[in-house]
Amino acid sequence: MDVGADEFEQSLPLLQELVLGADFVGLDIEFTGLRSNLSGPQQISLFDLPSEWYVKTRQSVQQFTICQIGLSVFSSIQGEANKYIAHSCNFFLFPTTFGTLDSEFSFQASSVQFLNQYGFDYNKFLKNGIPYMNEEQEKKVKHNILTGNWRVRSSLDKDQIKVVIDEVTRWLDLAEEGDWMTLPGITGFQAFEVQLVLRQALPDIWTMLCDQGVVVKKVSRQQRWYLQNICERESCWKEKILLSARGFSVFFQMLVKARKPLVGHNMLMDLLHLHEKFFLPLPESYDQFKLNIHNLFPVLIDTKNVTKDIWKEMNFPRVSNLSEIYEVLSSDLNPTKSSGPVIIHSSKCAKYVETKYPHEAAYDAFLCGSVLLKVAHLLFYRAHSADSAPEPSFPLYLSVLAPYLNQNFSGPDHPGIRPPVLLLSVRCWPGLSEQQVYREFQNLCKFDVRRLTASQFLLLTNKFKDARSILKEYRGHPTLRVSLYRYWRHSPAVNCWLQVCSVVSTWALLAFILGRWSP
């Protein structure tokens, strides 16, 4: 189900009901860009510690925005054993523009091409995106609305508002008291903004919202006072404007208050954007971010962490993305396929039954949730013998998933298994730079390069096969010698410390010997 600004407010009650009755929620987000093209020390590297990666990525999160959020709400079906229904929704988002609130964001060409390749509808994003704001922005907008201290900022909005005021003013010159007119095609949050402007500019009119647009009625000053202060209190009406301006942030708060497990795949970037766009600007500290996100979502499960371990143990074929993981777990390679959970789509998501929609956010959110259930079932039957296993349920699935709950999202980071660091020792090639080393190896595989000494470089990749390939390819090379890096053997700091200790020990021994010989 696709939800834009026109349908969002009517969908809120149903969405709240679904989330409150859910076992867990699958999440996926599409962005206008992933990472800024940083250079030098600011460039993201495999050598980065998590805290260093966070500081560099924080800048990209501030630069790009969310264009689509996909949620798949999974609920167990009452009276049917181990059967779940998934309600999946695509939400097209666009930052709120109101008064002085006018966000800036960038597009990354590769991200636009990628989403376009998979049929992303940019018209829905740009023309019918649901507004949103974080809590810091909300405080400023609320203050401006309630105090009347706001103004139309963008030239486009100013032109549109001017046309509306001119049209209504011309009509007022000829209208009698009690006459009304309709401004068609003005809906959603824009309708509130237009009414706010008209009510401030023209004291002898009253405005109302209907299905066709904004209705303007000519009234007396006494009627205007009565309508404004008795029938519809101004403060309540302004609260409605704020509610409409908050948009998707209203549902985000519903999701936070529901405290349901949130499931994603490689979801750290998704969580950074959720924090920045709907909660507060990202803090400078990585630890503070983790504390904040844990308070918002007490149970987070990343299916990448879960599947990484089980893949090695089960000797499943190598996969490169979420869709391939889902296919393997749904195939006969999964020994628990026949006894696994049954997952059906809701009637509004019938298009996902027969057709795959990779990189459509709601479909990927559905894959996240389905992968979680299938892996949890596999772990569940490995923890219990077939004869003594209790009836599977989501609380029991959570118990076998316990080692993966909030992994790397709360407390110290879980140490990952990564390929070894390689040491490149260069002979007879003075002045060799990191860029030249990178180009030397780029045809074989992708390595991050960091200089260690004048003639030594560290190489790091995220694939074990690439590390093995380089060690084999450059064995016996006359100029470039590649070996495993050993900290206590190759670190300049350790070598320097050992040399200092050696010098001190030598002098101490010499002083001891001379002291014994002296009369």
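Residues numbered from 1 in each chain as written. Predicted model: local features only at pLDDT ≥ 70, side-chain atom pairs only at ≥ 80, totals over all residues. Heavy atoms only, no water.

A few points about the overall build of the chain
Here is step 1 of the chain: When its secondary structure is counted, the chain shows 21 helices and 16 strands.
Here is step 2 of the chain: With an accessible surface of roughly 27500 Å², the chain has 53% of that area assigned to carbon and sulfur atoms. (Helix = DSSP H or I, 4+ residues; strand = E, 2+ residues; numbered from the N terminus. Areas by Shrake-Rupley, 256 points an atom, 1.4 Å probe, with all protein chains shown as cover.)

Observations regarding the sheet that holds strand β13 (residues 422-426)
Here is step 1 of the chain: An order of β14-β15-β13-β16 is seen for the 4 strands of this open sheet, with the pairing classed as antiparallel. Among the strands making up the open sheet, the edge pair consists of β14 (448-453) and β16 (480-484). Strand-to-strand twist across the sheet, computed as the mean angle between neighbouring axes with direction ignored, equals 30°.
Here is step 2 of the chain: The sheet contact formed by β13 and β16 spans 5 bridges and is antiparallel. Paired with Leu423 across the strands is Ser483, a residue of β16.
Here is step 3 of the chain: Sitting on the sheet, helix α18 (residues 434-441) is in contact with β13, β14, β15 (456-460) and β16, with an inclination near 130° to β14. (Pairing = 2+ DSSP bridges. Axes fitted to C-alpha atoms, helices over the stretch in contact; angles between N-to-C directions. Contact = heavy atoms within 4.5 Å.)

Section: the pattern of salt bridges
Here is step 1 of the chain: Taken as a whole and judged by the stated rule, the model has 8 salt bridges.
Here is step 2 of the chain: Glu313 is the salt-bridge partner of Arg382, the closest N and O atoms lying 2.6 Å from each other. One end of the pair, Arg382, is in helix α16 (residues 361-383); the other, Glu313, is in helix α13 (residues 303-314), with 69 residues separating them in the sequence.
Here is step 3 of the chain: Between Lys337 and Asp332 there is a salt bridge, with its nearest N and O atoms 3.3 Å apart. (Salt bridge = Lys/Arg side-chain N within 4 Å of Asp/Glu carboxyl O.)

Section: the packing of aromatic side chains
Here is step 1 of the chain: In this structure the tally under the stated criterion is 33 aromatic pairs.
Here is step 2 of the chain: Plain terms: the ring middles of Phe94 and Phe125 are 5.6 Å apart, the flat faces sit at 55° to each other, and that makes the pair tilted. Of this pair, Phe94 sits in the loop between β4 (83-92) and β5 (97-98) while Phe125 sits in helix α4 (residues 122-128); the two residues are 31 residues apart in sequence, bridging distant segments of the chain.
Here is step 3 of the chain: Through pairs of rings, three or more aromatic residues link up here, namely Phe8, Phe91, Tyr132, Phe248, Phe251, Phe252, Phe278 and Phe297.
Here is step 4 of the chain: Just above the ring of Trp206 sits the side chain of Arg199; from NZ or CZ to the centre is 3.8 Å.
Here is step 5 of the chain: Here the guanidinium or amino end of Lys351 rests over the ring plane of Tyr357, the centre of that ring lying 4.6 Å away. (Phe/Tyr/Trp six-rings, centres within 6.5 Å; stacked < 30°, edge-to-face > 60°. Lys NZ or Arg CZ within 6 Å of the ring centre and 35° of its normal.)

Regarding the packing of helix α1 (residues 5-20) against helix α10 (residues 248-258)
Here is step 1 of the chain: Viewed as axis vectors pointing N to C, α1 and α10 meet at an angle of 10°, and their least axial separation amounts to 10 Å. In this view, α1 runs roughly parallel relative to α10, as classed from their interaxial angle. Only Phe248, Val250, Phe251, Met254, Leu255 and Ala258 of α10 make contact with α1, whose side of the interface consists of Phe8, Leu12, Leu15, Gln16, Val19 and Leu20. (Parallel < 35°, antiparallel > 145°, perpendicular 65-115°, else oblique.)

Focus: unusual backbone geometry
Note: most peptide bonds trans; most residues except glycine with negative phi.
Here is step 1 of the chain: In the Ramachandran plot, Asn266 falls in the positive-phi region, its phi being about 55° despite a non-glycine side chain.
Here is step 2 of the chain: Structurally, the position occupied by Asn266 is in the loop between β10 (262-264) and α11 (268-279).
Here is step 3 of the chain: Overall, Asn266 belongs to the partly exposed group, its relative accessible area being 48%.
Here is step 4 of the chain: Despite not being glycine, Asn408 shows a phi value in the positive range, around 70°.
Here is step 5 of the chain: Looking at the element boundaries, Asn408 is found in the loop between α17 (394-400) and β13. (Buried < 20%, exposed > 50% of the residue type's maximum accessible area, 1.4 Å probe, protein only.)

Let's talk about the environment of Gly213
Here is step 1 of the chain: Relative to the assigned elements, Gly213 resides in strand β9 (residues 213-218).
Here is step 2 of the chain: Exposure remark for Gly213: the relative accessible area of 0% places this residue in the buried category.
Here is step 3 of the chain: In sequence terms Gly213 and Pro184 are 29 residues apart; their C-alpha atoms lie 4.5 Å from each other.

Brief notes about the sheet that holds β9
Here is step 1 of the chain: Spatially, 3 strands are ordered β7-β9-β8 in an open sheet, and the strand pairing comes out antiparallel. Each edge of the open sheet is held by one strand with a lone partner, namely β7 (180-184) and β8 (205-210). For this sheet, the mean inter-axis angle between neighbouring strands, taken without regard to orientation, is 25°.

What to know about the confidence of the model for the chain
Here is step 1 of the chain: A residue-level look at the chain finds 89% of positions with pLDDT of 70 or above and a mean pLDDT of 85.
Here is step 2 of the chain: By mean pLDDT, helix α21 (residues 492-517) is the weakest element of the chain at 67, and β10 is the strongest at 97. (pLDDT = per-residue confidence, 0-100.)

Let's talk about the environment of Val371
Here is step 1 of the chain: Positionally, Val371 belongs in helix α16.
Here is step 2 of the chain: The class of Val371 is buried, set by a relative accessible area of 1%.
Here is step 3 of the chain: Separated by 108 residues in sequence, Val371 and Val263 have C-alpha atoms that sit 9.9 Å apart.

Points about the side chain of Ser346
Here is step 1 of the chain: Following the sequence through the fold, Ser346 ends up in the loop between β12 (342-345) and α15 (351-354).
Here is step 2 of the chain: What Ser346 contacts, discounting residues up to four positions off in sequence, is Ile85, Ala86 and His87.

Considering a positive patch on the surface
Here is step 1 of the chain: There is a patch of like positive charges on the surface, built from Arg318, Lys463, Lys465 and Arg468.
Here is step 2 of the chain: Take Lys465: it is sitting in helix α19 (residues 464-473).
Here is step 3 of the chain: Judged by its relative accessible area of 43%, Lys465 is partly exposed. (Patch = residues over 30% accessible without salt bridge, like charges linked within 9 Å, V, L, I, M, F, W, Y side chains within 5 Å. Lys, Arg positive; Asp, Glu negative; His and termini not counted. Charge placed at Lys NZ, Arg CZ, Asp CG, Glu CD.)

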